[in-house]
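Breakdown of the fold
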Amino acid sequence: MGKLLSNFRNTFILSLILAGVMIYAFGRTTTGFNDMLFWQAVARWAHVVAGILWIGLLYYFNFVQIRVMPNIPAELKPAVGKHIAPEALFWFRWSALVTVLA
């Protein structure tokens, strides 16, 4: 189990599978998959999860990265700009989109 969660891609896929299992189980125990209340609950769940990710990344950018950047040595700053920030911005954009659409 430790090796499974040490890789981000595997962890992300596992979380999507578990979320799908939870949504399926919820659909089986409620009125069913054809009910509008079920799909509203799924959309609300997606909205909350994406919103938490969006707000968390916003706090990271405003309170962590901006505050710490002046203290990082000059030779390490390109690593932040080339590796960390693009990845964080990717998830920031998609979580914002999912939040708004859901």
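Right, let's walk through the structure included here. In this text the structure is predicted, and so the values were computed from the model without any measurement.

Points about the overall build of the protein chain
A count of helical and extended segments in the protein chain gives three helices and zero strands. When the helices and strands of the protein chain are read in sequence order from the N terminus, they spell out α-α-α. In terms of overall dimensions, the protein chain has C-alpha extents of about 60 × 35 × 15 Å along its principal axes. Long-range contacts, defined here as pairs at least 24 residues apart, represent 54% of the contacts in the protein chain between residues at least 6 apart. Within the structure as shown, the protein chain displays about 7800 Å² of accessible surface, and the carbon and sulfur contribution to it stands at 73%.

Brief notes about the packing of aromatic side chains
The tally for this structure, following the rule as stated, stands at nine aromatic pairs. On the numbers, 5.8 Å between centres and 25° between planes, the contact of F26 with F38 is stacked. Of this pair, F26 sits in helix α1 (residues 8–29) while F38 sits in helix α2 (residues 36–68); the two residues are 12 residues apart in sequence, bridging distant segments of the chain. According to the relative accessible area criterion, F26 is partly exposed, its value standing at 36%. A centroid spacing of 5.8 Å and a plane angle of 85° characterise the contact between F61 and F92, whose relative ring orientation is edge-to-face. Of the two residues, F61 sits in helix α2 while F92 sits in helix α3 (residues 77–101), which places them 31 residues apart along the sequence. Like F92, F61 is buried.

A word on a nonpolar patch on the surface
A cluster of nonpolar side chains, contributed by Y24, F33, M36 and W39, occupies part of the molecular surface with about 460 Å² of accessible area. The residue Y24 is located in helix α1 in this model.

Some thoughts on α3
Helix length check: α3 (25 residues) gives 35 Å between terminal C-alpha atoms against 36 Å at 1.5 Å per residue, within 8%. The largest bend in α3 amounts to roughly 35° and is located at A85, with the proline P86 lying one to four residues further along. Within α3, the full set of buried residues consists of V80, A85, A88, F92, S95, A96 and T99. On the buried face of α3, the contacting elements are α2.

Some words on the layout of surface pockets
Each pocket or cavity is described by its volume, and for the largest pocket that value is around 470 Å³. Lining of the largest pocket is provided by 14 residues; of these, F12, L16, V49, L53 and W91 occupy positions nearest its centre. Among the secondary structure elements, those contributing two or more residues to the lining of the largest pocket are α1, α2 and α3. Looking at the lining of the largest pocket residue by residue, the class counts come to 12 nonpolar, two polar and no charged.

Thresholds, definitions, all that
- Residues numbered from 1 in each chain as written.
- Predicted model: local features only at pLDDT ≥ 70, side-chain atom pairs only at ≥ 80, totals over all residues.
- Heavy atoms only, no water.
- Helix = DSSP H or I, 4+ residues; strand = E, 2+ residues; numbered from the N terminus.
- Contact = heavy atoms within 4.5 Å.
- Areas by Shrake-Rupley, 256 points an atom, 1.4 Å probe, with all protein chains shown as cover.
- Phe/Tyr/Trp six-rings, centres within 6.5 Å; stacked < 30°, edge-to-face > 60°.
- Buried < 20%, exposed > 50% of the residue type's maximum accessible area, 1.4 Å probe, protein only.
- Patch = residues over 30% accessible without salt bridge, like charges linked within 9 Å, V, L, I, M, F, W, Y side chains within 5 Å.
- Salt bridge = Lys/Arg side-chain N within 4 Å of Asp/Glu carboxyl O.
- Expected span 1.5 Å × (residues − 1).
- Bend = angle between axes of the 7 residues up to and from the residue.
- 1 Å grid on protein atoms, 1.4 Å probe; cavity = no way out; pocket = protein on both sides within 12 Å on 5 of 7 lines; lining within 4 Å.
- Points joined across faces, edges and corners; volume = space filled by probe spheres on them.
- Nonpolar A, V, L, I, M, F, W, Y, C, P; charged D, E, K, R; others polar.

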